[in-house]
Amino acid sequence: MAVVIVICSLLLAALVVMLISAPLRAASRPGSAAPAGEDGARAPDTASAERRAELEAAREAKYREIRDAELDYRTGKLTSTDYGVLDAQLRSEALTILDEIEALGGAVPEG
Amino acid sequence: MAGLGYACLLLALAVCAYGIGASLYGVRRNRPEYCASGRRSIYALAVILTVAMGVLEVAFLSNDFAFNTVAATSSRTTPTFYRAAAVWSSQEGSLLLWAWLLSLWSSLALFLTRKRMRDVAAYATAILLGFGGFFVSLMIFYANPFATSSPAPAEGVGLDPLLRFPTMMIHPPMLYSGYTLCTIPFAFGMGALIARRLEADWLKVIRRFAFAAWLFLGMGILLGARWSYSELGWGGYWGWDAVENASLMPWLTGTAFLHSLMIQEKRGMLKVWNVSLVLATGTLAIMGTFLVRSGVLNSIHAFGGATLGVPFVCLIAVLIGGSIYTVVSRRELLRSENRLDSLLSRESIFLANNLVLVGLCFVIFWGTYFPLISAALTGQEASVGPPWFDRYTVPLALILVLLSGIGPVISWRRASLANARRNFMAPLACAAATLIVLLAAGVAHKTFAITMFCCAAFVFGSVGQEFVRGTRARRAMAGEAPARALLALVRRNRRRYGGYIVHLGIAVLFVGVAASSSFQHASELQLGPGQSTKVGAYRIRYVEPTASVTPKNDRAHTGSTLSLGAVLDVTKNGRHVATLRPSEGFYASGNPAEGSVSSLIGGQAVSHIGMDGGITRDVWSAIAPNIEAPGLKRIVTAGNATLPPEEAGIALVYLARAYLRRPPPTQFHFLVSPLVMWIWLGGLIVFGGGLIAAWPAPSAVRSRVAARSRARALRGLARA
């Protein structure tokens, strides 16, 4: 029984080592694309992708605000004047975000 | 097999240590392969702890009493379901459950974020592995679930009778899932602060886990309240017990966060507040775990032993110190992007709601921890009981319910006074109508109940109005039938209308609390068979005694050796209302020195209530049969003197017959509680609404909506 337990423990340990070392082994293979960058700096394409993700999150939040404002107006919580001003402001803010996303380059995926 | 389990703990600790190092090295040196390896350490931790849980479960299910935890909390006569769940009834097993659930939820969180916020996720990985390593260390050095004894005892002690209740066995996994899920927003929040990445993206990630924590913690709290009401024999569902409070506090701050998060998403405001709430919620979850295991409490929830207090205090000190330091050092990044446009806006209502929720948390925190701190400093016990808590929490609860009705009728950013006046008409009319009805019913002296009912009516009115107006607007736009329009309205605006349903559920829940606490009839009765008495409008008659000796009659798998009870007939105005069958189960003490018969019934006595529940009221009864009555005591004494242990069961049969033949006058606790069912229904509505609010739209729908929104944004600007 003790032998079985030791073997099971070693097998589990081996599985764990294989699992957590897989990225290290993949990175050390010749020809694998290791990310370049100075100490503490993110690779430019990674920084760009993360900035795009932030902008997309901000875009979704802005779209939600536009829809909420419309629903507030249609359910009588905003007058037409207030809604008009707010709607224009929100759309302007949305376009600023969209312009920034487009400036990062490439098509803007929706959703 | 215990060796395999212990080996898993050692391997888990090594993986945690490696993962922390790899994640931090990877993020500091921009080596994503090390970050990925660190993330996989969490997955590996989940695998290892699943094996460990499996080993312990097999030990319980196979009655391997060589395991100390199995011998202490299970037995051959414990039903299989309770044996499987008994794993987490001990300190050691519950620590393993905690660590296992943490590893599973952390794995899910890191898998879902594997392609985003790499630097934030790396720090979060290190923090989550730190928590995992802490709990694994506790098991290795203080409370080993795989500790064994040799020779193994032939039989175990059995499961605590108070835990032989199905809801009670689901309650810990729900509660621990809530606690462990609270650590995920904590870890990502801390990671975002350390990495100085505090833009919108990290909120989106933690929002779903903050919601999941809120959901599981809330369900765990509700299940615990239900167990208290149905099992403990005192007729209450909330006693302001320290451990109850400890689970409620992170739920309150989590609720506050889910509201103020919306303000940050929309307006870029309340960043310091939100990050503080996230960190506080995670810390409070750890503090709640600490309370149960520290040995400072004498509570039905507490695990015995005072060995874990010091490590937990150290961890909590690190969490609090680290949180304060990172928030203060990153305050420049947490500046608000906008200011509050108007006091008459949904943002300001949310802010008020946050202040009330945090205020509630503070009151409960003070009432829970002050006695402990006072005892530690002065050596004198101080007590803070339900009256103290009620004095401060009741007014705050009233304000909370009121705000949950005001929020839906106020617009975001800025509402006009004229519009607000118009929108408040219907809810105020509902509240006024309720007040008139209550005053006419002659309950003017029940101030709390009346106020709460009126606030709840206000909520029903405002939420109802929102659904009606929204459906009408949808019909005007899309020409749909009312039912279809309502469905489409909710589907397209899940967050808003799911949130409204949550508010409705809160109002329903508090109506139940107010009614059951203000209008409850409670009475202590002493009755003999055939006798009856009046309690309020109800007449209770003791019909006949009941008695059973296990194992043949243990249909409820209570494990009691002897059960004595009664049949009560409850009538109102001559009309039959309910038949109640309360009983008390007597359990073996396991101490042969008490005597062969006494040891069979000298253990914990557990009340099994008789209850008839309905939508308008619960009729509830508990019994305290007098097993020391002269006639019964004679049988026990004679049995102790003459019967060997293996034949002592015969005396129980004589006891049961004697009780049936000539039952002594018996003490009953009798309650009529109005609207208790509303508490459980309100809870279900809250969680149903929460699920609707958090349910993601299908990706195709998201794409269509986003594309349409973009087109409309462009068109709108062209017109302007």
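Computed from a predicted model, the values in this text were never measured in an experiment.

## With respect to the overall build of chain A
Next up, step 1: A tally of regular secondary structure across chain A gives 3 helices and 0 strands.
Next up, step 2: Reading chain A from its N end, one meets helices and strands in the order α-α-α.
Next up, step 3: For chain A, the proportion of its 111 residues judged to be buried stands at 25%.
Next up, step 4: Within chain A, contacts between residues separated by at least 24 positions form 58% of all contacts whose residues are at least 6 apart in sequence.

## Some thoughts on the overall build of chain B
Next up, step 1: When its secondary structure is counted, chain B shows 22 helices and 10 strands.
Next up, step 2: Taken over C-alpha atoms, the radius of gyration comes to 29 Å for chain B, in line with the 27 Å a tight globule of 720 residues would show.
Next up, step 3: Along the first, second and third principal axes, the C-alpha set of chain B runs to 100 × 70 × 55 Å.
Next up, step 4: Per-residue burial over chain B gives 51% buried out of 720 residues.

## Here's the deal with the sheet that holds strand E8 (residues 610-613) of chain B
All names here are of chain B.
Next up, step 1: Pairing is antiparallel across the open sheet formed by 4 strands, whose spatial order is E1-E10-E9-E8. Strands with a single pairing partner mark the edges of an open sheet, and in this sheet they are strand E1 (521-527) and E8. Each neighbouring strand pair of the sheet contributes to a mean axis angle of 15°, computed without reference to strand direction.
Next up, step 2: Relative to strand E10 (residues 666-674), E1 runs antiparallel, the two being bridged by 7 bridges. Pairing of Ala522 across the sheet is with Leu671, part of E10.

## Things to note about the interface of chain B and chain A
Next up, step 1: Opposite the 55 residues of chain B that make contact, chain A presents 53 residues.
Next up, step 2: For the side of chain B that touches chain A, the secondary-structure elements that each account for two or more residues are helix H1 (2-28), helix H2 (32-61), helix H6 (118-141), helix H8 (200-231), helix H9 (242-267), helix H14 (417-440), helix H15 (447-478) and helix H22 (699-719) of chain B.
Next up, step 3: Residue classes in the side of chain B that touches chain A are distributed as 23 nonpolar, 14 polar and 18 charged.

## Describing the domain arrangement of chain B
Next up, step 1: Assigned domains within chain B: domain 1 (1-158), domain 2 (400-519 + 681-719) and domain 3 (521-675).
Next up, step 2: If you average the C-alpha positions of domain 1 of chain B and of domain 2 of chain B, the two centres end up 43 Å apart.

## Comments concerning H6 of chain B
A turn of α-helix holds 3.6 residues, and therefore any two residues three or four places apart point the same way.
Next up, step 1: Between its first and last C-alpha, H6 of chain B extends 34 Å over 24 residues, near the 34 Å set by a 1.5 Å rise per residue.
Next up, step 2: Within H6 of chain B, 19 of the 24 residues are buried, leaving the element largely enclosed by the surrounding structure.

## A look at the nonpolar core
Residues and elements named next belong to chain B.
Next up, step 1: Counting residues in hydrophobic clusters, the biggest one holds 193 residues, and the most contacted among them are Ala12, Ile48, Val401, Ala456, Phe510 and Val511.
Next up, step 2: Among the elements that make up this core, the one with the highest residue count is H8 (20 residues).
Next up, step 3: Shared between two domains, this core takes at least three residues from each, and those domains are domain 1 (1-158) and domain 2 (400-519 + 681-719).
Next up, step 4: Leaving out residues up to four positions away in the same chain, Ala456 has contacts with Val401, Ala507, Phe510 and Val511.

## Observations regarding the confidence of the model for chain A
Residues and elements named next belong to chain A.
Next up, step 1: Mean pLDDT over chain A stands at 79; residues scoring 70 or higher make up 80%.
Next up, step 2: Here helix H2 (residues 44-74) stands out as the element of chain A with the lowest mean pLDDT, 82, in contrast to helix H3 (residues 80-103), whose mean of 90 is the highest.
Next up, step 3: Note on residues 34-42: pLDDT is under 50 here. Beyond four places in sequence and across chains, it has 17 contacts.
Next up, step 4: Confidence drops under pLDDT 50 across residues 107-111; counting only partners more than four residues distant or on other chains, this segment forms 11 contacts.

## Remarks on H9 of chain B
All names here are of chain B.
Next up, step 1: Relative to the 38 Å expected for 26 residues at 1.5 Å per residue, H9 spans 38 Å between its end C-alpha atoms, a close match to the ideal helical length.
Next up, step 2: Among the 26 residues in H9, 23 count as buried, and that is most of the element.
Next up, step 3: Positive phi appears at Gly268, one or two residues downstream of H9, with a value of about 65°.

## Remarks on the environment of Ala213 of chain B
All names here are of chain B.
Next up, step 1: Along the chain, the position of Ala213 falls in helix H8.
Next up, step 2: Residue class for Ala213 comes out buried when judged on the 30 C-beta atoms lying within 10 Å of it.
Next up, step 3: Setting aside chain neighbours within four positions, we find Ala213 in contact with Gly178, Leu181, Cys182 and Gly254.

## Here's the deal with the packing of H2 of chain B against H6 of chain B
Residues and elements named next belong to chain B.
Next up, step 1: At a closest axis distance of 10 Å, the pairing of H2 and H6 adopts a crossing angle of 35°. Helix-helix and strand crossings are classified by hand; for H2 and H6 the assignment is left-handed. Residue-level inspection shows Pro32, Cys35, Gly38, Arg39, Ser41, Ile42 and Leu45 of H2 in contact with H6, the latter providing Arg118, Ala122, Thr125, Ala126, Leu128, Leu129 and Gly132.
Next up, step 2: Classifying every residue of the contact of H2 with H6 by side-chain character gives 8 nonpolar, 4 polar and 2 charged.

## What about unusual backbone geometry?
When glycine is set aside, most residues are seen to have a negative phi, and most peptide bonds are trans.
Residues and elements named next belong to chain B.
Next up, step 1: Here the residue pair Ser150 and Pro151 is connected by a cis peptide bond, since its omega of 0° sits within 30 degrees of zero.
Next up, step 2: Mapped onto the elements, Pro151 comes out in the loop between H6 and helix H7 (166-195).
Next up, step 3: The backbone of Asn63 sits at a positive phi, close to 55°, despite the residue not being glycine.
Next up, step 4: Positionally, Asn63 belongs in the loop between H2 and helix H3 (68-73).
Next up, step 5: Look at Asn573: it is not a glycine, yet its phi comes out positive at around 55°.

## Description of the environment of Glu60 of chain A
Next up, step 1: Here Glu60 of chain A shows up in helix H2.
Next up, step 2: For the pair Glu60 of chain A and Val4 of chain A, spaced 56 residues apart in the sequence, the C-alpha separation amounts to 55 Å.

## Description of the environment of Gly156 of chain B
Residue and element names in this part refer to chain B.
Next up, step 1: By the element assignment, Gly156 lies in the loop between H6 and H7.
Next up, step 2: You can call Gly156 buried: it has 25 C-beta atoms within 10 Å.
Next up, step 3: Measuring from C-alpha to C-alpha, the distance between Gly156 and Val70 comes to 6.9 Å, with 86 residues separating the pair along the chain.
Next up, step 4: Not counting residues within four places of it along the chain, the set of residues in contact with Gly156 comprises Phe65, Val70, Ala71, Ser74 and Ser75.

## A few points about the packing of H7 of chain B against helix H10 (residues 271-293) of chain B
Residue and element names in this part refer to chain B.
Next up, step 1: Two elements in contact, H7 and H10, have axes separated by 8 Å at closest approach and are oriented at 140°. Classified by the interaxial angle, the pair formed by H7 and H10 is oblique. For the pair H7 and H10, the sense of crossing is left-handed. Between H7 and H10, the residues in contact are Tyr179, Cys182, Thr183, Pro185, Phe186, Gly189, Met190 and Leu193 and Val275, Val278, Leu279, Thr281, Gly282, Ala285, Gly288 and Thr289, respectively.
Next up, step 2: The class makeup of the residues in the contact of H7 with H10 is 10 nonpolar, 6 polar and no charged.

Analysis parameters
Each chain has its residues counted from 1, running along the sequence as written. A letter from A marks each chain and a number from 1 marks each ligand, given out in the order of writing. For a predicted model such as this one, the threshold for reporting local features is a pLDDT of at least 70, and the threshold for listing and counting side-chain atom pairs is 80 or more; totals across whole chains, interfaces and linings nevertheless cover every residue. Labels follow the DSSP assignment, with helices taken as runs of H or I lasting at least four residues and strands as runs of E lasting at least two, numbered in each case from the N terminus. Counting other C-beta atoms within 10 Å of a residue's C-beta gives its exposure: the residue is buried at 20 or more, exposed at 12 or fewer, and partly exposed in between, where C-beta atoms are placed from the backbone. Two residues qualify as being in contact provided that their C-beta atoms, derived from the backbone, are within 7 Å of each other. To get the radius of gyration, use the C-alpha atoms; to get the globule rule, take the number of residues to the power 0.38 and multiply by 2.2 Å. Strands are treated as partners if at least two bridges between them are detected by DSSP. Helix axes use the C-alpha atoms of the stretch in contact, all axes being lines fitted to C-alpha atoms, and the angles between their N-to-C directions lie in the range 0 to 180 degrees. Asp, Glu, Lys and Arg are counted as charged, while Ala, Val, Leu, Ile, Met, Phe, Trp, Tyr, Cys and Pro are counted as nonpolar; the rest, among them Gly, fall into the polar class. An automatic or database domain assignment supplies the residue ranges for each domain. Take the number of residues in a helix, subtract one, and multiply by 1.5 Å to get its expected span. A set of buried Ala, Val, Leu, Ile, Met, Phe, Trp, Tyr and Cys residues, joined to one another through C-beta atoms within 7 Å, is what we call a nonpolar core. The predictor rates its confidence in each residue with pLDDT, a number between 0 and 100. By the definition used in this description, the sense in which the near helix is turned from the far one sets the handedness, with an anticlockwise turn below a right angle giving left-handed and a clockwise turn giving right-handed. Note on terminology: angles under 35 degrees are roughly parallel, angles over 145 are roughly antiparallel, angles of 65 to 115 are roughly perpendicular, and the others are oblique.

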